[in-house]
Amino acid sequence: PAHSLQTKAVVSTQSTGYFIQSNLSDGVMRKGIQSLAGVLVRSTYTTNGKRFTQARCGFCPYRSSSSETVKEKLPFYKSSKFALSTSVAIFGSIFLGYKYYIGKDDRELDLFFNALKKEIGTATMYLHQAEPQFAKPRFDAAFKMVESGLERKPGDPIPPLKIAYLMDQLGNIALQLECYKEAVQLYLATINGMALNGIERNNRAITELWLKVGQLSAILEDYRVAELSFMHCIEVTTAELEQAENKNPDVIALAGLSYEGLGKLYVTMNHPDNAIHMYQHAIKFVESVLGDNDTHLPVLLSDVATVYESTGRYDLALENIDEAIRIAHISNPGVVAAVTCNKATIKMYSGKLEEARQLYEEVSELCQARKDYETLNEVRVNMKILSDLESKRTENPENPEVVVK
């Protein structure tokens, strides 16, 4: 999902399922498990008092070698004249940027490509070693090499496809280093380079890139780009799923993330009705394409319930959350605790404090049995807020509704 941020993202290299968790300005935590995506990198961030976790990205596969190792493998580097000319060419490519080398001879382009790949490989190595402070200077050097070619102008030569792929890898590094503006620039350059080399707009790799652009543009509060990016992803993925006899799980993941991202974007933009419309559309799509009890439905139903709750429409919120719990017991028991926690929160803010406490206690027992300490922590945070509300109600028995609000 994509959201406007008020705090920086924390990126951890953890292989995990995809989930969203939110902490509204009232301090109450609401969690929605998203089983739609496989990930390499998970990033958590906060927006308008909400904390979210999103996961996309990957590591550049290249590893770098030290200059001493290269010198041993290539004894002709011992020639001072060759070493000098090579150094001038490499540093020239860093200084001038890749646009200068496109259209030149193969040797110049290869020198630039190898220099860029080495910087990317070194940055990746440091990230694998959990040393981002050393990866950042290598990223900066690589970005400087390509910066002048990120904005195409009429008449500019078409960048080779291998350069476009390096842009994607560099964008992933930028994402991990929280350089979101640079990441968007690099992903857009990758999309442009792939399109110029004949790769169709409905290619899955391009759809994944647009999804990243949407997520990051929302972080950067560029809502127009974010909205258009998510809508493109929805258009491409739903068209493929509607036509395919065997539904590809990767395409389902992309569709789910796109719907989720657009819905959360509308919430961030304070357009709850648009968000509700998007979630309802997503729910109908899942039911028609994937089935009435699909594993993704509890997530979407829980999310739309949270939006209803935020607008004070508690009856609709409870109607959707009950349906989410019912389907979760059938097809996705792993999210039962999180969805039930959301129901307890809705009960709490609708003024039904006793029912909320009973639900929180049930979820607490379930989390302890399943060793779901993350949801358990959320329950404990929310129960402290519930205790405060109960105390205030005791002090103001004649006006309980105002106390809850």
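Residues numbered from 1 in each chain as written. Predicted model: local features only at pLDDT ≥ 70, side-chain atom pairs only at ≥ 80, totals over all residues. Heavy atoms only, no water.

## Digging into the overall build of the chain
Moving on, step 1. From N to C terminus, the chain includes 17 helices and 5 strands.
Moving on, step 2. Expressed as a percentage of its 405 residues, the buried residues of the chain come to 50%.
Moving on, step 3. Considering only contacts within the chain whose residues lie at least 6 apart along the sequence, 66% involve residues at least 24 apart.
Moving on, step 4. Summed over its atoms, the accessible surface of the chain is roughly 19,100 Å², and 51% of this surface lies on carbon and sulfur atoms. (Helix = DSSP H or I, 4+ residues; strand = E, 2+ residues; numbered from the N terminus. Buried < 20%, exposed > 50% of the residue type's maximum accessible area, 1.4 Å probe, protein only. Contact = heavy atoms within 4.5 Å. Areas by Shrake-Rupley, 256 points an atom, 1.4 Å probe, with all protein chains shown as cover.)

## A short note on the packing of helix 11 (residues 272-289) against helix 12 (residues 297-310)
Moving on, step 1. Following both chains from N to C, one finds helix 11 and helix 12 inclined at 160°, their axes separated by 10 Å at the closest point. For the element pair helix 11 / helix 12, the angle class is roughly antiparallel. Note on packing geometry: the crossing formed by helix 11 with helix 12 is left-handed. The segment helix 11 lies against helix 12, with Pro272, Ala275, Ile276, Tyr279, Gln280, Ala282, Ile283, Val286 and Glu287 engaging Leu297, Leu300, Leu301, Asp303, Val304, Val307 and Tyr308.
Moving on, step 2. For the contact of helix 11 with helix 12, the per-class residue count stands at 13 nonpolar, 1 polar and 2 charged. (Axes fitted to C-alpha atoms, helices over the stretch in contact; angles between N-to-C directions. Parallel < 35°, antiparallel > 145°, perpendicular 65-115°, else oblique. Left-handed = near helix turned anticlockwise from the far one by under 90°. Nonpolar A, V, L, I, M, F, W, Y, C, P; charged D, E, K, R; others polar.)

## A closer look at the confidence of the model for the chain
Moving on, step 1. Confidence along the chain averages 77 in pLDDT terms, with 72% of residues attaining 70 or more.
Moving on, step 2. Between residues 1-98, whose pLDDT stays under 50, and residues either more than four places distant or in other chains, the model counts 271 contacts. (pLDDT = per-residue confidence, 0-100.)

## Notes on the packing of aromatic side chains
Moving on, step 1. Counted according to the given criterion, the structure contains 3 aromatic pairs.
Moving on, step 2. For the ring pair Tyr126 and Phe134, a centre distance of 5.5 Å and an interplane angle of 45° mean the geometry is tilted.
Moving on, step 3. Phe134 gets classed as partly exposed once you look at its relative accessible area, which sits at 42%. (Phe/Tyr/Trp six-rings, centres within 6.5 Å; stacked < 30°, edge-to-face > 60°.)

## Observations regarding the nonpolar core
Moving on, step 1. With 43 residues, the main nonpolar core has Leu241 and Leu262 as its most contacted residues.
Moving on, step 2. Every element with two or more residues in this core is listed here: helix 8 (204-219), helix 9 (223-243), helix 10 (249-268), helix 11, helix 12, helix 13 (314-331) and helix 14 (336-349).
Moving on, step 3. The residues contacting Leu241, other than those within four sequence positions of it, are Lys247, Asn248, Val251, Ile252, Ala255, Phe285 and Val289.
Moving on, step 4. Grouped together as the second largest cluster of nonpolar side chains are 38 residues, Phe139, Val146, Leu170 and Ala183 included. (Core = buried A, V, L, I, M, F, W, Y, C linked by side-chain atoms within 4.5 Å.)

## Section: helix 13
Helical geometry note: an α-helix holds 3.6 residues per turn, so side chains three or four residues apart project in the same direction.
Moving on, step 1. An ideal rise of 1.5 Å per residue puts 26 Å on 18 residues; helix 13 measures up with 25 Å between its terminal C-alpha atoms.
Moving on, step 2. On its buried face, helix 13 sits against helix 12 and helix 14. (Expected span 1.5 Å × (residues − 1).)

## A closer look at helix 14
Moving on, step 1. Its 14 residues place the ends of helix 14 20 Å apart at the C-alpha level, agreeing with the 20 Å of an ideal helix rising 1.5 Å per residue.
Moving on, step 2. Backbone geometry just downstream of helix 14 places Gly351 in the positive-phi region, at approximately 95°.

## Comments concerning the packing of helix 8 against helix 9
Moving on, step 1. Relative orientation of the contacting elements helix 8 and helix 9 amounts to 150°, with a least axis distance of 8 Å. Comparing the axis directions of helix 8 and helix 9 gives the class roughly antiparallel. Remark: the crossing between helix 8 and helix 9 carries left-handed chirality. Contacts between helix 8 and helix 9 involve Arg204, Thr207, Trp210, Leu211, Val213, Gly214, Gln215, Ser217 and Ala218 from the former and Tyr223, Val225, Ala226, Ser229, Phe230, His232, Cys233, Val236, Thr237 and Glu240 from the latter.

## Considerations on the pattern of salt bridges
Moving on, step 1. Tallied over the entire structure, the rule returns 12 salt bridges.
Moving on, step 2. For Asp322, the salt bridge goes to Lys343, with nearest N and O atoms at 2.7 Å. Of this pair, Asp322 sits in helix 13 while Lys343 is found in helix 14, placing the two residues 21 residues apart along the sequence.
Moving on, step 3. A relative accessible area of 16% places Lys343 in the buried class.
Moving on, step 4. Two residues, Lys347 and Glu355, come together in a salt bridge whose shortest N-O distance is 2.7 Å. (Salt bridge = Lys/Arg side-chain N within 4 Å of Asp/Glu carboxyl O.)

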